[in-house]
Amino acid sequence: MLASLVLSACATKKVTNQMQGDVYTGKDTVEYLASGVADRVFFATNESVLTTASRETLRKQAAWLRKNSKINVVLEGHADERGTREYNLALGERRANSVKDYLMTYGISGNRISVISYGKERPVDSGSNPLAWSKNRRSVTVKAN
Amino acid sequence: MIKYFKYIVIFLFSITHANALIEVDITRGNLNPLPIAVSPLSIDSNSNEALQKTLKKKNIGSEISKVVENNLQTSGLFNPLSKDAFLQKPDIAHLKPRFEDWSLIKAQALITGKVFYQNEKLRVEFRLWDVLAGKEMMALAFTTVPTNWRRVGHIITDKVYERLTGEKGYFDTRIIYVSEEGPKTKRIKKLAIMDQDGFNTKYLTLGNELVLTPRFNPTNQMITYLSYFRNLPRVYLLDIETGIQEVVGDFPGMTFAPRFSPNGKKIIMSFAMDGNSDIYTMDLENRVVERITNHPSIDTSPSYSPDGKYICFNSDRSGYQQIYVMKSDGTKVKRISFGKGLYGTPVWSPRGDLIAFTKLHKGKFYIGVMRTDGSGERLLTENFYQEAPSWSPNGRVLIFYRETKSDSEGKGFSAKLWSIDLTGYNERLVDTETDASDPSWSSLLSN
């Protein structure tokens, strides 16, 4: 409870510098696979194109995966709540796959990567506002083993 | 439960179609609903005593009439009059109404009836009277097991609705939906089913896995839906009478957005792999899978025309979500939505002439209808968030779900079912025990 209050207090202060266009650039919800290796990337509304920042994050993930060759990952694709349920399931799948493609071009075998879409079913931020939506348009890389 | 519902109709008197005087026009928004008196169904004291024991209701005759009254009220086409004003006793009215008493309270139509308990069965008679003409319009009787008493009320409403509007009713039907509980970030979802009027809610899954988008087979009591069982989002089939479920969309990737074909023999759904969603069908008898679309865009939310010859779906092949129609073999794909904004969830009307949809424009969500060639777009309702319309079996009412805005802690959020007439009038909250989404309307249970 206290933690969420603190988080939302930060969120309100930093609104202006947490988004570029409508892509989330903040760190509030980000977790780390290893030191300096962020677990997620964010997308613009209705988009599955990787931003420059996303590519940088994913190159770090790829380097970490190359070093830890026994670790497999699940890519969880998500959408915000401002779209129809079925289309958002497809959009989440498309987002996770654009991450998969990128990791594969950096030498990670497709056998180590599985993909699941949650559409708009699992937001990280419950708010109905543009900042919350930007945090929810994401693909999260999760260790599978 | 459906199977043992013995449905016997006995024509007590011949129906006098020729001199029907009252008629209700359902094609326009009805601002002057027809004043109708629903007299409590009369019951003799022996039957009442016996039924009190089985059903734990003080007077099942008046309970059934309340079901009818509530149905007529929510249809928006009828104005059931207050029983306090009724002058004639139920048993006498059922034999021969004193029409002047009923016209005095401005009733134009009158429903009377009688309930008996016979050989452990419930027998219900009812008559519909035209008060101004002083004539009987309809007389029917039903026999069933006593626990089916609410269904008797729904069937009576269907018969009255059909007699007065000239179209089939939609009251003896059920709604399958997703029941929702818990915080937005960890929502627990279960399949739930209830009567069209919100009674007899049953939960069909326990909430251990995420379930979405249940849809009725239009020909029987099967459901198709998406389940995340074992974290593999796949299309399932569930028999709601036996509780038996099975995967039907066991493809090497996510299957979703399922719907039955009009004859109930196929499931049409999306299959997503490598970032691309296309539309497939599966024949439920021989399990043959057919690919219907083959395009690098997202193709989803397919729905058949009632004759099975066409499919409408939504695709972002133009860059944004729009509605398309194609022949059921996937040829002759044609975009039909050209208005400003995004269009999704197209559903073909059971009457065949319209497609209902969700539209997103300038941050607002709309439920609307258009003709099957995309002309005549009409938006019925605007809100912060709403989607997924499903048609009543007679194609006159749409049910959908609506979500409210929440603050940054998730407060203020709710998901509820709503219904609206095709006319754009009579928008109503559909009561559910929990929050609810993804409604699907069944066909008429009896005909």
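The structure this text deals with has already been given above.
Quantities reported herein were computed from a predicted structural model and do not represent experimental measurements.

Here is what the cut-offs are and how they apply
- Residues numbered from 1 in each chain as written.
- Chains lettered and ligands numbered in written order.
- Predicted model: local features only at pLDDT ≥ 70, side-chain atom pairs only at ≥ 80, totals over all residues.
- Heavy atoms only, no water.
- Helix = DSSP H or I, 4+ residues; strand = E, 2+ residues; numbered from the N terminus.
- Expected span 1.5 Å × (residues − 1).
- Polar contact = N/O pair within 3.5 Å; in protein donor to acceptor, adjacent residues only side chain to side chain.
- Contact = heavy atoms within 4.5 Å.
- Buried area = accessible area lost by both parts, 1.4 Å probe.
- Nonpolar A, V, L, I, M, F, W, Y, C, P; charged D, E, K, R; others polar.
- Salt bridge = Lys/Arg side-chain N within 4 Å of Asp/Glu carboxyl O.
- Buried < 20%, exposed > 50% of the residue type's maximum accessible area, 1.4 Å probe, protein only.
- Phe/Tyr/Trp six-rings, centres within 6.5 Å; stacked < 30°, edge-to-face > 60°.
- Lys NZ or Arg CZ within 6 Å of the ring centre and 35° of its normal.
- Pairing = 2+ DSSP bridges.
- Axes fitted to C-alpha atoms, helices over the stretch in contact; angles between N-to-C directions.
- Parallel < 35°, antiparallel > 145°, perpendicular 65-115°, else oblique.
- Left-handed = near helix turned anticlockwise from the far one by under 90°.

A.B. asks: Provide a residue-level description of helix 2 (residues 60-75) of chain B, including the pertinent values.
C.D. replies: Residue and element names in this part refer to chain B. Taking 1.5 Å per residue, 16 residues should reach 22 Å; helix 2 reaches 23 Å between its end C-alpha atoms and fits that length. With a side-chain oxygen lying 2.9 Å from the backbone nitrogen of glycine 61, the N-terminal cap of helix 2 falls on asparagine 59. Phi for glycine 76, located one or two positions after helix 2, is positive at around 80°.

A.B. asks: Tell me about the interface of chain B and chain A, residues and numbers included.
C.D. replies: Listed per partner, the contact involves 50 residues of chain B and 29 residues of chain A. For the pairing of chain B and chain A, the buried interface totals around 3,200 Å² over both sides, and the portion due to carbon and sulfur atoms is 51%. Looking at the side of chain B facing chain A, the largest losses of area belong to Lys184, Thr185 and Ile298 of chain B, adding up to 17% of the total buried there. Among the residues forming the side of chain B that touches chain A, the class breakdown is 18 nonpolar, 19 polar and 13 charged.

A.B. asks: Please provide a residue-by-residue account of the pattern of salt bridges, values included.
C.D. replies: A complete count under the given rule lists 35 salt bridges over all chains for this structure. Its salt-bridge partner being aspartate 22 of chain A, residue arginine 137 of chain A comes within 3.6 Å of it at the nearest N-O pair. Of this pair, arginine 137 of chain A sits in the loop between helix 4 (130-136) and strand 8 (138-143) while aspartate 22 of chain A sits in the loop between strand 1 (19-20) and strand 2 (23-24); the two residues are 115 residues apart in sequence, bridging distant segments of the chain. When its relative accessible area of 25% is taken as the criterion, aspartate 22 of chain A is described as partly exposed. With a shortest N-O distance of 2.8 Å, lysine 189 of chain B and glutamate 121 of chain A are connected by a salt bridge.

A.B. asks: Describe the packing of aromatic side chains, and please don't skip the residues or the numbers.
C.D. replies: Residues and elements named next belong to chain B. Summed over the entire model, instances satisfying the criterion amount to 19 aromatic pairs over all chains. Taking 5.6 Å as the distance between ring centres and 70° as the angle between the ring planes, the aromatic pair formed by tyrosine 161 and phenylalanine 171 counts as edge-to-face. With a gap of 10 residues between them, tyrosine 161 in helix 5 (residues 149-165) and phenylalanine 171 in the loop between helix 5 and strand 7 (174-181) connect regions that are remote in the sequence. Seen from their ring centres, phenylalanine 271 and tyrosine 280 are 5.5 Å apart, and the 75° between their planes marks the pair as edge-to-face. Classification of phenylalanine 271 as buried rests on a relative accessible area of 9%. Taking the relative accessible area as the measure of exposure, tyrosine 280 reaches 11% and is therefore buried. Sitting over the face of the ring of phenylalanine 199, arginine 150 holds its NZ or CZ atom 3.5 Å from the ring centroid.

A.B. asks: Can you explain unusual backbone geometry? Please cite residues and give values.
C.D. replies: All names here are of chain B. Its identity is not glycine, yet aspartate 274 carries a phi of approximately 55°, on the positive side. Mapped onto the fold, aspartate 274 is located in the loop between strand 15 (266-273) and strand 16 (276-283). Residue aspartate 438 is not a glycine yet carries a positive backbone phi of 50°. Assignment of secondary structure puts aspartate 438 in strand 30 (residues 435-441). Aspartate 438 sits in the buried class, given a relative accessible area of 5%.

A.B. asks: Residue-level account of the pairing of strand 16 of chain B, with values.
C.D. replies: As a general feature of sheets, a regular strand has side chains that alternate between the two faces. Residues and elements named next belong to chain B. For strand 16, the buried fraction is high: 7 of the 8 residues fall into the buried class. Pairing geometry for strand 15 and strand 16, over 8 bridges, is antiparallel. Among the inter-strand pairings, lysine 266 is bridged to a residue of strand 16, identified as aspartate 283. For strand 16 and strand 17 (residues 289-291), the ladder comprises 3 bridges, and the chain directions are antiparallel. Along strand 17, the bridge assignment pairs tyrosine 280 with arginine 291.

A.B. asks: How would you explain the packing of helix 2 of chain B against helix 5 of chain B if you had to name every residue and give the values?
C.D. replies: Residue and element names in this part refer to chain B. Their axes nearest at 8 Å, the elements helix 2 and helix 5 cross at an angle of 45°. Considering their axes alone, helix 2 and helix 5 lie oblique with respect to each other. Between helix 2 and helix 5 lies a crossing of right-handed hand. Together, Ile60, Glu63, Ile64, Val67, Val68, Asn71 and Leu72 of helix 2 and Trp149, Arg150, Val152, Gly153, His154, Ile156, Thr157 and Val160 of helix 5 make up the contact between the two elements. Residues belonging to the contact of helix 2 with helix 5 are distributed by class as follows: 9 nonpolar, 4 polar and 2 charged.

A.B. asks: Residue-level account of the side chain of serine 305 of chain B, with values.
C.D. replies: Residues and elements named next belong to chain B. For serine 305, the location among the structural elements is in the loop between strand 18 (299-304) and strand 19 (310-315). At a separation of 2.6 Å, a polar atom in the side chain of serine 305 contacts the side chain of aspartate 307. Once residues lying within four places of it in the same chain are set aside, the contact partners of serine 305 are Pro262, Tyr310 and Trp348.

A.B. asks: Lay out the pairing of strand 15 of chain B in plain terms, naming residues and giving numbers.
C.D. replies: Residue and element names in this part refer to chain B. By the criterion of burial, strand 15 is predominantly enclosed, with 6 of the 8 residues buried. In this structure, strand 14 (residues 254-260) lies alongside strand 15, joined through 5 bridges in antiparallel fashion. By the bridge assignment for strand 15, methionine 254 is matched with alanine 272. Joining the antiparallel neighbours strand 14 and strand 15 is a turn of 5 residues, in which glycine 264 adopts a positive phi near 75°. Counting the residues that bridge the hairpin from strand 15 to strand 16 gives 2 residues, and of these aspartate 274 lies at a positive phi of roughly 55°.

A.B. asks: Residues and numbers for the environment of lysine 362 of chain B, please.
C.D. replies: Residues and elements named next belong to chain B. Within the fold, lysine 362 resides in the loop between strand 23 (354-361) and strand 24 (364-371). Given a relative accessible area of 76%, lysine 362 falls into the exposed group. Distance from lysine 362 to glycine 341, taken between C-alpha atoms, is 7.4 Å for residues 21 residues apart in sequence.

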